[in-house]
Amino acid sequence: MILHPAIVALVLVSFLISGMMLYSALFGFRVIRRWDIQSGSEEQLALERKTYLISTILSYVFVFQIGSLFLYVYTADSLHNLFIGAMCAAGSLYVDPYGYPTFILKILNCILAGLWLIVNYVDNRAYDYPLIRKKYVMLLIMMPLFITEGISQWLYFAQMRADVITSCCGSLFSSERSGVGSEIVGLPVKAAMAGFYLSLALTFTTGFIYWIKGKWGRLFSFASGLLFLMSGVALVSFISLYFYELPTHHCPFCVLQREYGYIGYLLYAALLTGAVSGLGAGILMPFRKVPSLSGSLPIIQKRLAMICLIAYAIFAGISIYRMVSADFTLGLL
Amino acid sequence: MIRLSNVRKGFNLGRPNEFIAVGGVDLTLEGNRITVLKGPSGSGKTTLLSLIGCMARPTSGRISLLRSLLGHNGFLKDGDMPEVEVTSLPERFLTEIRRRTFGFIFQQFNLIKGITVLENILLPTYPLGKKHRVVRKRAEELLDMFALGDRTAARVEWLSGGEAQRVAIARALMNDPPIIIADEPTAHLDSKLSGEFMDIIARLKGQGKTIIIASHDPLVFAAPFVDRVIAVRDGMIGGEGA
Amino acid sequence: MASWIEKQRSILDYTLSSLMRRKGKNISLFIVYTVVVFILASAMFFTQAMKREASLILKDAPEMVVQRLLMGRYDPIPLDYLQKIRGIRGVISADARLWGYYYDPVVGANYTVMVPRNQSLSPGRIIIGNGIARDRMINRGDIFSFRAHDGQSRSFTIDGELPAASELVSADLILIAEADFRDLFGFPASHATDIAVSVINPKELLTIARKISEQLPDTRPIIRDEMVRTYDSVFDWRGGMVIVLIMMALLAFVIFAWEKASGLSAEERREIGILKAIGWETSDVIAAKTYEGSAVSFFSFTFGILLAYGHVFFSAAFLFAPALKGWSVLYPDFRITPFIDPYQVAVLFFLTVVPYTVATIVPSWRAAIVDPDSVMRS
């Protein structure tokens, strides 16, 4: 265990978030069993009041979760010189088996919390709260993931020992090694590029069709989720190279640093926004037939689709601009 | 028109301190009338008023409002039934209806101390998110109408009883609600001010408002322009008069 | 959207005005909050500044230093080791270094005496750090006498002062010619203090270090990065330790915040009741409460950080002075270079604002669910 102020902060926040999720899930259990909108009983009134508390809690969870994601990456980065061979966050995350799983869980939980807030927002717009049970079931499913993240993060920091020889991002993402990172790098750049541009094209085509005609919503949502994954692959595989102008530096974290004008924050914020709003539009598709939602839901979904397209356009715009304007070339463009 | 059928409201149900404030009321209130709920304190008339005014949900029974009485509400689609049943609406939507449909005048005026007259009467407009310029203009018109134009920037604790009461009325009218609800409005006023209050009420009726007052003050329920007096006792409707 | 913004603006306006109306109630919270931020921020800025100073010192250090060990203790290294080290593949250069400490009874301080590597001094002349110049009140052209190893006195002419760029590095430094150094300390000509090694490829440092300790078993190679790592982990550990110690205070603060937020006065409760009666919704009141908390956090956090900044960087952390005193008597003017990292501010935010916010969620909600008809029932 390394006692670093940021580690204390991260552990503290994960405790708070887990506690809040646990509390909300326990309440969710009660809602699923006892909710009856038709009743004017005191219990029902008390349940209704408590839904305000849960909405508030989840909004904070979402905000703190985003903060903790970035703080986590930044902390991993600032710890890198405690480990021989680790040159940035990519290497620090590799010092024990919990680094990357925690990172993935943090992203997943960010997206889930965002989706929950979207469902909650929609539900609160209908006078009979048609999604109330569904959204609390969703909360029950999310809760273990948040707790797992907290435990995984704890294990990551607890098992950390300074001076452990680890691979730096130079070797972690270099092609001769095996592991997650190198598999992505090992993927031919052309394939990664093709995947990225194809899913980009698919998302924008279906997105515009959905926005204009209201059709193909599910396909659009699927495409936006795929684009999120593909963007991650593309970032490691080739986009990062243009930012660093180095042919072997595949690290997806260094773009968060000052040397690159903190541009990474914008890139990742755009990606997360794109994923949450795109997937959000999709998970609302089954509820379009609910009478009390039929008026407001299509408008909300279209708005989400628009946000998604704008966010991805920002990501793609910055990346492509960088690729075109950089002196560096992979010999492909 | 407001229709109540078999409306009950209880507190602490199933516990030793169980208390039924309103027990099975059937009532229909007509639009553009002045109705007075008359009864001693503790008779349940205030609870009844809060149920009618969408401040609380009944434990059982139904309350329906005529759609034309409701202001514009985004969540209610046009072309539905002419009446809206508010009983099972969650608080969020009840509030939405309440702030566009009802204006409240309370026994103790309930103005917020430490802020100005203008700020006080602007408060009901905040959740609606209307343009500040627009609501401010309306507030100033209302204040002029109630001869409070020169008290705009005064703090409410500096006001006389009559002025405080007129500010409370102005606040109730801020969102231009079709129905005005007043709970014991004259309890803290002398006869002269009570008379002035009833004159204002008569004027509002002339403007097409529906007015529901809970009071046991003869100056109120015996006023000549009151259309209907309903006696309330032990949470039940008793006799009626006019 | 426009109406949503207008609504939030109105609620924010109202919140700020009601916060100002209740200055008295919030002042104690503001003070405690500020003090908590101040203490935490001071501790973090201070350890971070120490870390930075240490890394500045180490920045100019050689990549690798080879020391000789005798009976497990550090001993002068024979100069013929130089050839062996230079013979290892990948080594660019290996240079003998001569440096030691001299105790000056006049001011009761230890000086670092060193033979410069890239600067030749004529015998009998020295260059001194500005800390020494200040303490001994001596300047260029003056004579400085040392008591040598044989008890005799040696005098040197001061050739100049070192620039004051980084006091911590050079304040107590004396640069001297090699012959004078050996004469002063009676250091044999066949030995050096240690050997500085530089290599072609920094990635091979570990391999070369291993080769050196294989070929010269009585030596110990020290890699600069290892030093950096050690310093970093020591300072991180200290910073973390301080925070864990302050955790108790933080917990007390959170409980205090919870109490403060829960203890609604009758007046406030009535006010919220009125707002709800005239059409405010529960979530509007929660929004107002959130703005209130954010405003308190914003002012306390900013103020606490500014205070800590002044404390650490302009008053040399006078509250931590007792801990600093052991450093050296030579640093009366010790100033830490002002430096704030946004990352530290983020960590501080997570340590203070986040727990405070969480502590106020339930009390705010409880305040917000006051029944709208409560004002009619009283």
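Note that this is a predicted model, so its numbers are computed, not measured.

So, helix 9 (residues 266–277) of chain C
An α-helical turn contains 3.6 residues, so a residue and the one three or four places further along point in the same direction.
Move 1: In this model, helix 9 of chain C (12 residues) spans 16 Å end to end at C-alpha, consistent with the 16 Å of a helix rising 1.5 Å per residue.
Move 2: For helix 9 of chain C, the full list of buried residues reads Glu 271, Ile 272, Gly 273, Ile 274, Leu 275, Lys 276 and Ala 277 of chain C.
Move 3: Where helix 9 of chain C is buried, its residues meet strand 6 (102–105) of chain B together with helix 10 (282–314), helix 12 (342–368) and helix 13 (374–377) of chain C.
Move 4: Following helix 9 of chain C by one or two positions, Gly 279 of chain C has its phi on the positive side, about 115°.

What about the environment of Ile 88 of chain C?
Residue and element names in this part refer to chain C.
Move 1: For Ile 88, the position within the fold is in the loop between helix 3 (81–86) and strand 4 (91–97).
Move 2: Sequence-wise, Ile 88 and Glu 178 are 90 residues apart; in three dimensions their C-alpha atoms are separated by 27 Å.
Move 3: Residue contacts for Ile 88: discarding those within four places in its chain leaves Ile 208, Lys 211 and Ile 212.

Let's talk about the domain arrangement of chain A
Residue and element names in this part refer to chain A.
Move 1: Per the domain assignment, the segments making up chain A are domain 1 (1–171) and domain 2 (173–333).
Move 2: Taken together, the contact pairs 24 residues of domain 1 with 23 residues of domain 2.
Move 3: When residues of the side of domain 1 that touches domain 2 are traced back to their parent elements, those giving at least two are helix 2 (42–78), helix 3 (89–92), helix 4 (99–123) and helix 6 (169–172).
Move 4: No other element matches helix 4, which puts 8 residues into the side of domain 1 that touches domain 2.
Move 5: Of the residues assigned to the side of domain 1 that touches domain 2, the class counts are 17 nonpolar, 4 polar and 3 charged.

Structural notes on the interface of chain C and chain A
Move 1: Residue-level contacts link 29 residues of chain C with 26 residues of chain A.
Move 2: The biggest single contributor to the side of chain C that touches chain A is helix 12 of chain C, with 13 residues.
Move 3: Class assignment for the residues of the side of chain C that touches chain A results in 20 nonpolar, 6 polar and 3 charged.

Concerning the sheet that holds strand 1 (residues 2–11) of chain B
Residues and elements named next belong to chain B.
Move 1: Strands sit in the order 2-1-4-5 across an open sheet of 4 strands; the sheet is antiparallel. In the strand order of this sheet, the two ends are held by strand 2 (19–29) and strand 5 (83–85), each with one partner. Shown here is a sheet whose adjacent strand axes are inclined to one another by a mean of 25°, direction ignored.
Move 2: Of the strand pairs in this sheet, strand 1 and strand 2 are connected by 8 bridges, and their pairing is antiparallel. The partner of Val 7 across the bridge, within strand 2, is Val 25.
Move 3: Sitting on the sheet, helix 1 (residues 45–52) is in contact with strand 1, strand 2 and strand 4 (60–66), with an inclination near 55° to strand 2.

Description of the pairing of strand 7 (residues 179–183) of chain B
All names here are of chain B.
Move 1: Across the 5 residues that make up strand 7, a large majority, 5, are buried.
Move 2: Of the two faces of strand 7, the one holding Ile 179, Ile 181 and Asp 183 and the one holding Ile 180 and Ala 182 are both buried throughout.
Move 3: In this structure, strand 6 lies alongside strand 7, joined through 4 bridges in parallel fashion. Counted as the bridge partner of Gly 103 is Ile 180 from strand 7.
Move 4: Of the pairings in the sheet, the one linking strand 7 to strand 8 (residues 210–215) comprises 5 bridges and is parallel in character. From the neighbouring strand, Asp 183 faces strand 8, where its bridge partner is Ala 214.

Reading guide: rules and limits
Residues numbered from 1 in each chain as written. Chains lettered and ligands numbered in written order. Predicted model: local features only at pLDDT ≥ 70, side-chain atom pairs only at ≥ 80, totals over all residues. Helix = DSSP H or I, 4+ residues; strand = E, 2+ residues; numbered from the N terminus. Expected span 1.5 Å × (residues − 1). Buried ≥ 20, exposed ≤ 12 C-beta atoms within 10 Å, placed from the backbone. Contact = placed C-beta atoms within 7 Å. Domains from an automatic or database assignment. Nonpolar A, V, L, I, M, F, W, Y, C, P; charged D, E, K, R; others polar. Pairing = 2+ DSSP bridges. Axes fitted to C-alpha atoms, helices over the stretch in contact; angles between N-to-C directions.

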